[in-house]
Amino acid sequence: MASPEQDCIDIKVDVGILKNQVSMLTQLCNKMDAVIDKLMDNQSKMSDDIYDDMEKKKQDTVADIKELHSRITTVDRNLSDKIELTERRIMDEIKSLRTDIAEHNQKEDNELKKILEWKWMAAGGIIVIAWILSHVNIESILGKVFG
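Reading the values: the criteria
- Residues numbered from 1 in each chain as written.
- Predicted model: local features only at pLDDT ≥ 70, side-chain atom pairs only at ≥ 80, totals over all residues.
- Heavy atoms only, no water.
- Helix = DSSP H or I, 4+ residues; strand = E, 2+ residues; numbered from the N terminus.
- Rg over C-alpha atoms; globule rule 2.2 N^0.38 Å.
- Buried < 20%, exposed > 50% of the residue type's maximum accessible area, 1.4 Å probe, protein only.
- Salt bridge = Lys/Arg side-chain N within 4 Å of Asp/Glu carboxyl O.
- Polar contact = N/O pair within 3.5 Å; in protein donor to acceptor, adjacent residues only side chain to side chain.
- Phe/Tyr/Trp six-rings, centres within 6.5 Å; stacked < 30°, edge-to-face > 60°.
- Lys NZ or Arg CZ within 6 Å of the ring centre and 35° of its normal.
- Patch = residues over 30% accessible without salt bridge, like charges linked within 9 Å, V, L, I, M, F, W, Y side chains within 5 Å.
- Areas by Shrake-Rupley, 256 points an atom, 1.4 Å probe, with all protein chains shown as cover.

**Student:** Would you mind showing me how to read the overall build of the protein chain here?
**Tutor:** Across its full length, the protein chain carries 2 helices and 0 strands. Its C-alpha atoms give the protein chain a radius of gyration of 61 Å, more than 25% over the compact-globule value 15 Å for 147 residues. For the protein chain, the C-alpha atoms occupy an extent of roughly 200 × 25 × 20 Å along the three principal directions. Counting the 147 residues in the protein chain, one finds 0% classified as buried.

Here you go:
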């Protein structure tokens, strides 16, 4: 058996080794804590970056939607203006066509009136000639003229 002195030395050696191992474990734990803290900081930073990116994307999307709305409004306004301008042009052409038709109708009415005047004048002339022929002796007039 070992002597009590040897046992005491063995215990002291064991305690020294244990102190050394506890010290190393403490250092390892401290290093692990530092690594965990760094990982937590990185995770937090990455989460913040992700949220920042998401917010930026959201703002970009809102800006894009506003831009699209603005473009749609501009296109709508332009189309409305063009439709209104086309409508005015069509209405002007219709008015011009009405004026041309009215002038053409007036011209035809005037020509028809002239034809009717000539018709009635001719009818009147024929009536006068018929009356003269029925009331005048043509043979006596012709005999006086040629005879």
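**Student:** Before we go on, may I ask you to explain the pattern of salt bridges in this structure?
**Tutor:** Charged atoms that come close allow side chains of opposite charge to pair. Enumeration over the complete set of coordinates arrives at 3 salt bridges. The partner of Glu-67 in a salt bridge is Arg-71, with the nearest N and O atoms 3.0 Å apart. A residue pair is termed a helical-turn pair when its members lie 3 or 4 positions apart in one helix, as Glu-67 and Arg-71 do in helix 1 (residues 4–135) at 4 residues. Note on Arg-71: relative accessible area 52%, which makes it exposed.

**Student:** I would appreciate a short explanation of the environment of Arg-88 in the present structure.
**Tutor:** With respect to the secondary-structure elements, Arg-88 resides in helix 1. Only 2.4 Å separates the side chain of Arg-88 from the side chain of Glu-84, close enough to count as a polar contact.

**Student:** Mind showing me how you'd approach the packing of aromatic side chains here?
**Tutor:** To describe a pair of aromatic rings, you give the distance between the ring centres and the angle between the ring planes. One pass over the structure, following the stated rule, counts 0 aromatic pairs. If you follow Lys-119 out to its NZ or CZ, it ends over the ring of Trp-120, 5.5 Å from the centre.

**Student:** Which parts of the structure should I look at to understand a nonpolar patch on the surface?
**Tutor:** A grouping of Val-128, Ile-129, Trp-131, Ile-132, Leu-133, Val-136, Ile-138, Ile-141, Leu-142, Val-145 and Phe-146 is seen on the molecular surface, where their side chains present a nonpolar patch of about 1100 Å² in accessible area. Mapped by element, the contributors of at least two residues to the nonpolar patch are helix 1 and helix 2 (138–146). You can see Leu-133 is positioned in helix 1.

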